[in-house]
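Summary of the model geometry
Spelled out, the chains give:
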Amino acid sequence: MPKGRDRGGSLEASVRSIERAAGALATASVARMDETLPWFRELPADQRAWVMLVAQAGVRSLVEWLRNRQEGGALPPDNSDEFFDAAPRALARSINLGQTVQLIRVTIEVVEEQLPHLAAAGEEAGIREAVLHYSREVAFGAARVYARAAETRGAWDARLQALLVDALLRGDSSDVLASRAAALGWADAPPVAVAVGRSPGGEATAVLHTVYRAARRIGVEILGGVHGDRLVVVLGGAPDPIAATERLLVGFGDGPVVVGPAVPSLDEATESARAALAGFRAAPAWPAAPRPVAAADLLPERALAGDAEARRILRQDIYGALVRAGGELLETLDAFYAGGGVLESAARGLFVHPNTVRYRLRRIGEVTGFVPLVPRDAFALRIALTIGRLDPFAPAPSGQPPQ
């Protein structure tokens with residue numbers, strides 16, 4: 001061997017001894033794992049066999065690494081993690097990084113205990129130092145393997161979540177939604193609601209990671225997808241979706257964040273997603289809107305922007321409720337608007353006492369959920385009246401022709 005190529009004295013005799021004992025070392029390592037690691041004893045037989053393969057490959061890799069070191073060859077940074085390929089990728093999904101480190105530690109301990117019997121005379125210190133160096137390389141190799149697996153899984157999850165959100169927006173069948181949600185581990189905890197806002201930009205996996213981290217802190221289930229410049233998040237198990245979304249705002253970019261209505265399950269979340277998207281498109285028309293804001297609070301803006309569902313709600317649930325309650329409520333509301341929102345002016349126009357107007361306005365709030373004395377509610381009521389009267393199929397008061 002050329003002078004200067006030996007990095008720590010010749011260890012050839014010890015290397016040959018370790019190579020001959022490779023099988024025994026792997027067997028002893030697995031036996032020690034079974035004795036000292038309770039979780040290892042609970043693994044299925046096939047996965048324990050995979051660990052044996054990894055242990056054997058690890059000892060062989062150690063021998064190759066020592067020889068390469070002796071010969072002065074290059075030590076590529078990924079050389080030490082090659083033996084992880086001896087096990088199927090399913091093993092990485094069954095054993096986490098912390099458990100892998102425990103397996104490596106046990107194997108190295110067994111090798112170190114056997115070194116006095118394996119090392120040639122005069123090579124004990126050198127071989128022990130080399131094994132410790134190699135164990136460090138293996139630990140880094142394990143970290144690289146799991147980091148790559150995590151990156152791959154994260155990218156796949158982000159893609160699968162984007163497909164699920166696409167399916168929600170298209171209104172695909174419940175079977176499609178269920179299969180994709182199951183692949184992502186979705187528990188479908190009720191209620192379910194969809195929030196839409198602007199994405200902060202950057203990689204989709206990083207965006208979703210931020211939202212997931214915030215969701216774990218408040219204990220809600222989420223699925224998400226980045227669609228162009230929009231971030232769509234499905235929330236499950238949040239009793240108050242608006243309050244939960246407020247805790248997730250750290251994951252959204254600037255601008256409005258709109259939350260659709262709560263529904264019982266993911267099967268019905270298309271309704272929530274469509275309302276949230278319609279609200280997001282219409283939200284710029286209400287610059288003072290809270291953040292987040294419920295899609296139901298944007299009904300007037302959504303109707304003006306052409307959302308058919310918002311027009312239906314305003315026509316049937318608000319205007320229709322006033323029609324069914326009797327003509328005097330509609331008449332009072334018209335007089336109230338004609339009088340510039342002043343009670344006394346409305347009373348004069350109707351030839352009634354102001355208290356009568358006040359009572360009727362309160363009844364309007366009870367019937368529709370919108371209080372005419374609240375400016376924001378008054379705006380929604382006015383849009384509802386306009387849409388209701390434009391629709392030829394709107395219900396008319398008893399005894400009157402359809403309007």
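Residues numbered from 1 in each chain as written. Predicted model: local features only at pLDDT ≥ 70, side-chain atom pairs only at ≥ 80, totals over all residues. Heavy atoms only, no water.

By the naming in an unreviewed UniProt entry, the protein chain is PucR family transcriptional regulator, taken from Dactylosporangium cerinum. Here is the UniProt Sequence similarities (unreviewed entry) comment for the protein chain, exactly as written: "Belongs to the CdaR family." (UniProt positions renumbered as here; feature names shortened; annotations may be inferred.)

**Regarding the overall build of the protein chain**
Counting secondary structure elements, the protein chain contains 17 helices and 5 strands. Each of the 403 residues in the protein chain was classed as buried or not, and the buried ones make up 46%. Considering only intrachain contacts with a sequence separation of at least 6, the fraction spanning at least 24 residues in the protein chain is 68%. (Helix = DSSP H or I, 4+ residues; strand = E, 2+ residues; numbered from the N terminus. Buried < 20%, exposed > 50% of the residue type's maximum accessible area, 1.4 Å probe, protein only. Contact = heavy atoms within 4.5 Å.)

**Concerning the sheet that holds strand S3 (residues 230–236)**
Ordered by their spatial adjacency, 5 strands build an open sheet running S2-S3-S1-S4-S5, and the pairing between neighbours is mixed. Strands at the two margins of the open sheet, each flanked by one partner only, are strand S2 (221–227) and strand S5 (293–294). Sheet topology note: the strand S1 (residues 192–198)/strand S4 (residues 258–259) ladder contains 2 bridges and is antiparallel. Counted as the bridge partner of valine 196 is valine 258 from S4. (Pairing = 2+ DSSP bridges.)

**Considering the pattern of salt bridges**
A side chain of one charge can pair with a side chain of the opposite charge if their charged atoms are brought near each other. Within the structure shown, the criterion is met by 10 salt bridges. In this structure, arginine 16 and glutamate 12 form a salt bridge, with 3.7 Å as the shortest nitrogen-oxygen distance. Of the two residues, arginine 16 and glutamate 12 both sit in helix H1 (residues 12–20), 4 residues apart, roughly one turn of that helix. (Salt bridge = Lys/Arg side-chain N within 4 Å of Asp/Glu carboxyl O.)

**A short note on the pairing of S1**
The buried fraction of S1 is high, at 6 of 7 residues. Pairing geometry for S1 and S3, over 7 bridges, is antiparallel. Within the sheet, the bridge partner assigned to arginine 198 lies in S3 and is arginine 230.

**Side note on the packing of aromatic side chains**
The tally for this structure, following the rule as stated, stands at 2 aromatic pairs. Both rings, one in tryptophan 39 and one in phenylalanine 40, keep their centres 6.2 Å apart while their planes meet at 85°; by these two values the pair is edge-to-face. Take tryptophan 39: its relative accessible area is 18%, and that puts it in the buried class. Taken together, a centroid distance of 6.1 Å and an interplanar angle of 50° make the contact between phenylalanine 336 and tyrosine 337 tilted. We note that phenylalanine 336, like tyrosine 337, is buried. One cation-aromatic arrangement involves arginine 376 over tryptophan 286; the distance from NZ or CZ to the ring centre is 3.6 Å. Directly above the aromatic system of tyrosine 337 lies the positively charged group of arginine 382, at a separation of 4.6 Å from the ring centroid. (Phe/Tyr/Trp six-rings, centres within 6.5 Å; stacked < 30°, edge-to-face > 60°. Lys NZ or Arg CZ within 6 Å of the ring centre and 35° of its normal.)

**Side note on the side chain of threonine 107**
With respect to the element layout, threonine 107 can be found in helix H6 (residues 97–118). Excluding its chain neighbours within four sequence positions, the residues that come into contact with threonine 107 are Ser29 and Met33.

**Some remarks on the packing of helix H15 (residues 343–350) against helix H16 (residues 354–368)**
Packed helix pairs are characterised by how far apart their axes lie and by the angle those axes make with each other. Remark: H15 packs on H16, axes separated minimally by 8 Å, with the N-to-C direction vectors making an angle of 105°. The orientation of H15 relative to H16 falls into the category roughly perpendicular. On H16, the residues touching Leu343, Glu344, Ala346, Ala347 and Leu350 of H15 are Pro354, Val357, Arg358, Arg360 and Leu361. Per-class residue counts for the contact of H15 with H16 are 7 nonpolar, no polar and 3 charged. (Axes fitted to C-alpha atoms, helices over the stretch in contact; angles between N-to-C directions. Parallel < 35°, antiparallel > 145°, perpendicular 65-115°, else oblique. Nonpolar A, V, L, I, M, F, W, Y, C, P; charged D, E, K, R; others polar.)

**Some remarks on the confidence of the model for the protein chain**
Confidence in the prediction for the protein chain averages 81 pLDDT; 78% of positions are at 70 or higher. By mean pLDDT, the top-scoring element of the protein chain is S4 (98), and the lowest-scoring one is helix H5 (residues 89–94) (60). A low-confidence stretch, residues 1–8 stays under pLDDT 50, and its non-local contacts, those more than four residues away or across chains, total 12 contacts. Contacts for the low-pLDDT stretch residues 73–80, under 50 throughout, to residues beyond four places or in other chains number 18 contacts. (pLDDT = per-residue confidence, 0-100.)

**Re a positive patch on the surface**
On the surface, a cluster of positive charge is contributed by Arg213, Arg216, Arg217 and Arg247. It is helix H9 (residues 204–218) that contributes the most residues to the positive patch, 3 residues altogether. Relative to the elements of secondary structure, arginine 217 occurs in helix H9. Under the relative-accessibility criterion, arginine 217 is labelled exposed at 59%. (Patch = residues over 30% accessible without salt bridge, like charges linked within 9 Å, V, L, I, M, F, W, Y side chains within 5 Å. Areas by Shrake-Rupley, 256 points an atom, 1.4 Å probe, with all protein chains shown as cover. Lys, Arg positive; Asp, Glu negative; His and termini not counted. Charge placed at Lys NZ, Arg CZ, Asp CG, Glu CD.)

**What about the pairing of S3?**
The buried fraction of S3 is high, at 6 of 7 residues. From the end of S2 to the start of S3, which pair antiparallel, there are 2 residues, and glycine 228 there has a positive phi angle of about 65°.

**Quick look at the environment of proline 239**
Here proline 239 shows up in the loop between S3 and helix H10 (241–247). On the basis of relative accessibility, which here comes to 77%, the residue proline 239 falls in the exposed class. C-alpha of proline 239 to C-alpha of valine 192: the two residues are 47 residues apart in sequence and 9.1 Å apart in space.

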